[in-house]
Amino acid sequence: MTDITTSCQNGSPPRGKFITLEGIDGAGKTTHLSWFCDRLSERAAQQAARVIVTSEPGGTLLGEMLREILLHQEMHCETEALLMFAARREHISTLIEPALIRGDWVLSDRFTDATFAYQGGGLGLSIDRLKVLEQWVQGELQPDHTVLFDLPTDTAYARRSGVRLPDKFESKSNAFFMRTRAEYLRRTAQEPERFSIINAAGLINEVREQLEAILLTL
Ligand code: TYD
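Predicted model only: the values in this text are computed from it and were never measured.

## Here we look at the overall build of the protein
Okay, step 1: Scanning the protein from terminus to terminus reveals eight helices and five strands.
Okay, step 2: N-terminal to C-terminal, the α/β element order of the protein is β-α-β-α-α-β-α-α-β-α-α-β-α.
Okay, step 3: Its C-alpha atoms give the protein a radius of gyration of 17 Å, near enough to 17 Å, the size a compact globule of 218 residues would have.
Okay, step 4: Its C-alpha atoms give the protein principal-axis dimensions of about 50 × 40 × 30 Å.

Here it is as structure tokens:
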């Protein structure tokens, strides 16, 4: 893997920023994504950079094929984690890494925190095992900043009910989402400088105000 931290030498553009959005299903990431992207693009333009929006699992042709399988096919929890990381490896090498090297900013709807939260917290997979995969697939690559949309699991459940037919993850129990949320929060406590936590239970405008404040710090 190219070491992207050394890509700024010899007049090449400064490395772009890598920003991720996280949260349990129903937290409202999708509602805010295009607005957040527009506002982030204004910030990026000040540094003559573009924002590339992407998502996981997915973001590449192969990743989208894996997404279909992951969202609709039951499988062993370790198979699920391995496929998440397989899709991520492709995503990093074909989209994320080249964009950051070009100096573009990458905004990803979910990244590795989701694997720790869903497959680690939710499904109970060993966090240490996931860390081995993380190191293998990502090396030193980590998001520069991660926004966690946090809200109680029953509020999230109410939001996602009846919108459309739930996929495999959206159909999980409240206990699953409580464990998933707890793992997200545990990670924010471990890396407070990387995370911003949004209170996502409020109205759209209230959430936007919090996002505005974060944008100013980027
Ligand atoms: P997402 O695209 O955010 O859901 P939607 O757009 O349908 O609201 O994510 C798809 C699902 O994949 C989501 O339920 C969380 C799950 N997921 C994992 O379990 N592990 C992962 O590593 C990732 C990236 C996603």
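## Observations regarding the packing of helix 2 (residues 61–72) against helix 3 (residues 77–102)
Okay, step 1: One can describe the packing of helix 2 onto helix 3 by two numbers: an axis separation of 9 Å at closest approach and a directional angle of 160°. Judged on the interaxial angle alone, helix 3 and helix 2 are roughly antiparallel. The handedness of the crossing between helix 2 and helix 3 is left-handed. Note on element contacts: helix 3 touches helix 2 through Glu-80, Leu-83, Met-84, Ala-86, Ala-87 and Glu-90, opposite Leu-62, Gly-63, Leu-66 and Leu-70.
Okay, step 2: Partitioning the contact of helix 2 with helix 3 into residue classes produces seven nonpolar, one polar and two charged.

## Regarding the nonpolar core
Okay, step 1: Counting residues in hydrophobic clusters, the biggest one holds 39 residues, and the most contacted among them are Phe-36, Leu-40, Leu-107, Tyr-118 and Phe-149.
Okay, step 2: The dominant element in this core, judged by the number of residues it contributes, is helix 1 (residues 29–45), at six residues.
Okay, step 3: Once residues lying within four places of it in the same chain are set aside, the contact partners of Tyr-118 are Gly-23, Ile-24, Asp-25, Arg-110, Leu-123, Phe-169, Phe-176, Phe-177, Thr-180 and Tyr-184.
Okay, step 4: One finds Ile-96, Val-106, Ile-127 and Leu-130 within the second-largest nonpolar core, a separate group that totals 17 residues.

## Side note on the pairing of strand 3 (residues 105–109)
Okay, step 1: For strand 3, a buried count of five out of five residues is recorded, marking the element as mostly surrounded by other parts of the structure.
Okay, step 2: For strand 1 (residues 18–23) and strand 3, the ladder comprises four bridges, and the chain directions are parallel. The residue bridging Ile-19 from the neighbouring strand is Leu-107, located in strand 3.

## A look at the packing of aromatic side chains
Okay, step 1: What the rule picks out here adds up to six aromatic pairs.
Okay, step 2: Both rings, one in Tyr-118 and one in Phe-177, keep their centres 6.2 Å apart while their planes meet at 90°; by these two values the pair is edge-to-face. In this pair, Tyr-118 sits in helix 4 (residues 112–122) while Phe-177 sits in helix 7 (residues 174–190), placing the two residues 59 residues apart along the sequence. Both residues of the pair, Tyr-118 and Phe-177, belong to the buried class.
Okay, step 3: Residues Tyr-118 and Tyr-184 carry aromatic rings whose centres are separated by 6.5 Å and whose planes lie at 85° to one another, so their mutual orientation is edge-to-face. You can see Tyr-118 sitting in helix 4 and its partner Tyr-184 sitting in helix 7, a full 66 residues away along the chain. Neither residue differs from the other here; Tyr-118 and Tyr-184 are each classed as buried.

## Some thoughts on helix 2
Okay, step 1: With 12 residues, helix 2 should reach 16 Å at 1.5 Å per residue; the first-to-last C-alpha distance of 17 Å fits that figure.
Okay, step 2: Among all positions in helix 2, only Gly-63, Leu-66, Leu-70 and Leu-71 are buried. Within helix 2, the buried residues cover an arc of 125° as seen down the axis, which keeps them to one side. Away from its buried face by more than 90 degrees, helix 2 exposes Leu-61, Met-65 and His-72.
Okay, step 3: Buried residues along helix 2 sit against helix 3.

## A word on the site of the ligand
Okay, step 1: Residues in contact with the ligand amount to 17 residues; listed here are only the nearest, Asp-25, Arg-67, Arg-110, Thr-115 and Gln-119.
Okay, step 2: One of the side-chain N or O atoms of Asp-25 is found 2.8 Å from an oxygen atom in the ligand.
Okay, step 3: Of all the elements in the fold, those that place two or more residues in the shell around the ligand are helix 2, helix 3 and helix 4.
Okay, step 4: Ranked by the residues each element gives to the shell around the ligand, the list is headed by helix 4, at four residues.

## Some thoughts on the sheet that holds strand 3
Okay, step 1: An order of 2-3-1-4-5 is seen for the five strands of this open sheet, with the pairing classed as parallel. Each having just a single partner strand, strand 2 (51–55) and strand 5 (195–199) make up the two edges of the open sheet. Sheet twist, expressed as the average angle between the axes of neighbouring strands with direction ignored, equals 20°.
Okay, step 2: Of the strand pairs in this sheet, strand 2 and strand 3 are connected by five bridges, and their pairing is parallel. Looking at the pairing, Ile-52 lines up with Val-106 of strand 3.
Okay, step 3: The sheet strands contacting helix 1 are strand 1, strand 2, strand 3 and strand 4 (145–150), and the helix crosses strand 3 at an angle near 175°.

Thresholds applied
What you see as residue numbers is a count from 1 along each chain, following the sequence as written. Two thresholds apply to this predicted model, a pLDDT of at least 70 for residue-level local features and 80 or more for giving and counting side-chain atom pairs, whereas whole-chain, interface and lining totals are computed over all residues. Side-chain metrics in this entry use all non-hydrogen atoms of the structure; hydrogen atoms and water are not considered. Helix and strand assignments follow DSSP, with helices taken as H or I runs no shorter than four residues and strands as E runs no shorter than two, numbered in order from the N terminus. The quantity called the radius of gyration is restricted to C-alpha atoms. Its globule counterpart is 2.2 Å times the number of residues to the power 0.38. A fitted line through C-alpha atoms serves as each axis, taken over the contacting stretch for helices, and the angle formed by two N-to-C directions is quoted from 0 to 180°. Relative orientations are named as follows: roughly parallel for angles under 35 degrees, roughly antiparallel for angles over 145 degrees, roughly perpendicular for angles from 65 to 115 degrees, and oblique for any other angle. Should the near helix be turned counterclockwise from the far one by less than a right angle, the crossing is left-handed, whereas a clockwise turn marks it as right-handed. Note on contacts: a residue pair qualifies if any of its non-hydrogen atoms lie within 4.5 Å across the two residues. Basically, the charged four are Asp, Glu, Lys and Arg, the nonpolar ten are Ala, Val, Leu, Ile, Met, Phe, Trp, Tyr, Cys and Pro, and anything else, Gly included, counts as polar. Residues belong to a common nonpolar core when they are buried Ala, Val, Leu, Ile, Met, Phe, Trp, Tyr or Cys residues joined through side-chain atoms within 4.5 Å. Buried means the residue's accessible area, taken with a 1.4 Å probe over protein chains only, is under 20% of the maximum for its type, while exposed means over 50%, and partly exposed covers the values in between. When DSSP finds two or more bridges between a pair of strands, those strands are recorded as paired. In this analysis, rings of Phe, Tyr and Trp, with Trp reduced to its six-membered ring, are considered paired at centre separations within 6.5 Å, and the interplanar angle assigns stacked below 30 degrees, edge-to-face beyond 60, and tilted for intermediate values. Given the number of residues in a helix, its expected span is that number minus one, multiplied by 1.5 Å. Each C-beta atom gives one direction from the helix axis, and the arc is the one those directions make. Neighbouring residues are identified by heavy atoms, a residue being near a molecule or strand if any of them is within 4 Å of it. We call two N or O atoms a polar contact when they sit within 3.5 Å, provided that within protein one can donate a hydrogen and the other can accept it, with sequence-adjacent residues counted only if both atoms are side-chain atoms.

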